[in-house]
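# Structural overview
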Amino acid sequence: MTFQGIAHGCAQFWRFGLNQVRAVAFAVVLVGGIGASRLLPADLPVARYDLLLVYGVALTVLARKVGWDGPRDTAVILGCHLVGLLFELVKVQMGSWTYPEDAVFKVAGVPLYGGFLYSAVGSYCCRSWKIMDLSLSGYRPRVMAVLAAAVYLNFFTHHWLPDARVPLAVLLLGATAGTWVHFTVGLSRYRMPLALAFTLIGFFLWVAENAATYVGAWAYPHQLDGWQPVPLSKFGAWALLISVTFVLVARTRGQSAAESSASISVADRSRTARAKRSRVSPHSP
């Protein structure tokens with residue numbers, strides 16, 4: 001590989017990183033606000049969790065105003081919020097984690113701001129789709145919808161029934177075999193296996209979960225006497241759960257079976273051709 005090729009590769013990696021930073025803006029500002037809230041005086045007349053609910057609503061409105069999210073994105077984020085709240089209600093009741101502080105807007109031990117943590121994941125998926133011009137090939141929407149629903153339900157039912165996490169992971173690997181996520185960085189078009197995308201997102205969500213518990217967003221039982229890292233097993237859990245959000249976002253993007261049957265879409269071919277005509281360096285990967 002020539003020096004120009006290496007330089008181009010480094011520049012593309014930098015552009016990709018910047019795109020990811022833009023995509024996680026909502027999540028970073030949300031977790032940052034949660035961390036900053038711990039610096040507030042303890043004798044405030046309003047509970048910290050209630051302030052965070054107001055903060056989350058204001059952040060959602062701001063994201064819409066500044067163009068981070070469009071109407072379709074806001075609808076997806078609201079859906080993720082509701083799905084997340086239901087998840088929280090069940091898991092908190094089962095003792096999986098807890099919100100130890102008091103609040104007015106708290107139902108069955110879950111502060112209503114808790115759904116924004118899932119909204120942040122939805123926002124990331126929506127913004128990534130927009131910023132990196134995502135499209136799918138070989139995607140199986142009906143199969144993925146069924147498996148995503150099964151993954152979601154399993155995180156409830158494993159408290160009473162055998163945990164089907166491993167079989168579901170195997171089924172997801174089978175359902176995503178041959179499915180590619182096509183994305184743009186600069187003038188170049190790339191692709192990544194959907195299963196790899198789920199794995200990478202799951203890992204970074206596990207990292208984010210460590211940060212969120214550190215700043216007091218919630219606490220696992222082993223963290224009640226002082227913060228400790230989130231178990232690595234949660235990495236696998238997030239890699240599975242991201243399928244739920246992804247299916248919701250893909251559906252709003254019109255990823256039907258017909259659109260995903262070809263190995264690469266006509267739009268991708270057009271974008272690739274334009275990129276080749278416009279590319280300055282002949283050494284792009």
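Please read these numbers as outputs of a predicted model, since none were measured by experiment. (Residues numbered from 1 in each chain as written. Predicted model: local features only at pLDDT ≥ 70, side-chain atom pairs only at ≥ 80, totals over all residues. Heavy atoms only, no water.)

### Thoughts on unusual backbone geometry
Of note, A108 is a non-glycine position whose phi angle comes to about 50°, a positive value. Checked against the element boundaries, A108 lands in the loop between strand 1 (106-107) and strand 2 (110-111). (Helix = DSSP H or I, 4+ residues; strand = E, 2+ residues; numbered from the N terminus.)

### Some thoughts on helix 7 (residues 165-176)
Along an α-helix, residues three or four positions apart point the same way, because every turn accommodates 3.6 residues. Given a rise of 1.5 Å per residue, twelve residues ought to cover 16 Å, and the 16 Å separating the end C-alpha atoms of helix 7 matches this to within 8%. Contact partners of the buried residues in helix 7: helix 6 (141-157), helix 8 (194-214) and helix 9 (233-252). G178, located one to two residues past helix 7, shows a positive phi value of around 85°. (Expected span 1.5 Å × (residues − 1). Contact = heavy atoms within 4.5 Å.)

### Considerations on the pattern of salt bridges
One pass over the structure, following the stated rule, counts five salt bridges. For R48, the salt bridge is made with E101, and the minimal N-O distance between the two is 2.7 Å. One end of the pair, R48, is in helix 3 (residues 48-65); the other, E101, is in the loop between helix 4 (71-93) and strand 1, with 53 residues separating them in the sequence. Linking D133 and R189 is a salt bridge whose minimum nitrogen-to-oxygen distance equals 3.9 Å. Here D133 is found in the loop between helix 5 (116-131) and strand 3 (135-137), whereas its partner R189 is found in strand 5 (residues 188-193), with 56 residues between them in sequence. By relative accessible area, which is 28% here, D133 ends up partly exposed. (Salt bridge = Lys/Arg side-chain N within 4 Å of Asp/Glu carboxyl O. Buried < 20%, exposed > 50% of the residue type's maximum accessible area, 1.4 Å probe, protein only.)

### Digging into the pairing of strand 5
A regular strand carries its side chains on alternate faces of the sheet. Pairing of strand 4 (residues 180-185) with strand 5 involves six bridges; the strand directions are antiparallel. Residue W180 lies in a different strand from strand 5, and its bridge partner there is P193. Counted along the chain from strand 4 to the antiparallel partner strand 5, the turn is two residues long, and its residue G186 has a positive phi close to 65°. (Pairing = 2+ DSSP bridges.)

### Some words on the packing of helix 6 against helix 9
Between helix 6 and helix 9, the shortest axis-to-axis distance is 9 Å and the interhelical angle comes to 130°. Classed by the angle they form, the pair helix 6 and helix 9 counts as oblique. For the pair helix 6 and helix 9, the crossing hand works out as left-handed. Every residue of helix 9 that contacts helix 6 at M144, A145, A148, V151, Y152 and F155 is listed here: A237, L240, L241, S243, V244 and V247. Taken together, the residues that form the contact of helix 6 with helix 9 break down as eleven nonpolar, one polar and no charged. (Axes fitted to C-alpha atoms, helices over the stretch in contact; angles between N-to-C directions. Parallel < 35°, antiparallel > 145°, perpendicular 65-115°, else oblique. Left-handed = near helix turned anticlockwise from the far one by under 90°. Nonpolar A, V, L, I, M, F, W, Y, C, P; charged D, E, K, R; others polar.)

### Let's talk about the side chain of R253
Considering the arrangement of structural elements, one finds R253 in the loop between helix 9 and helix 10 (266-278). Setting aside chain neighbours within four positions, we find R253 in contact with R72, D73, C126 and W129.

Bear in mind that shape data such as this cannot, by itself, settle questions of function.
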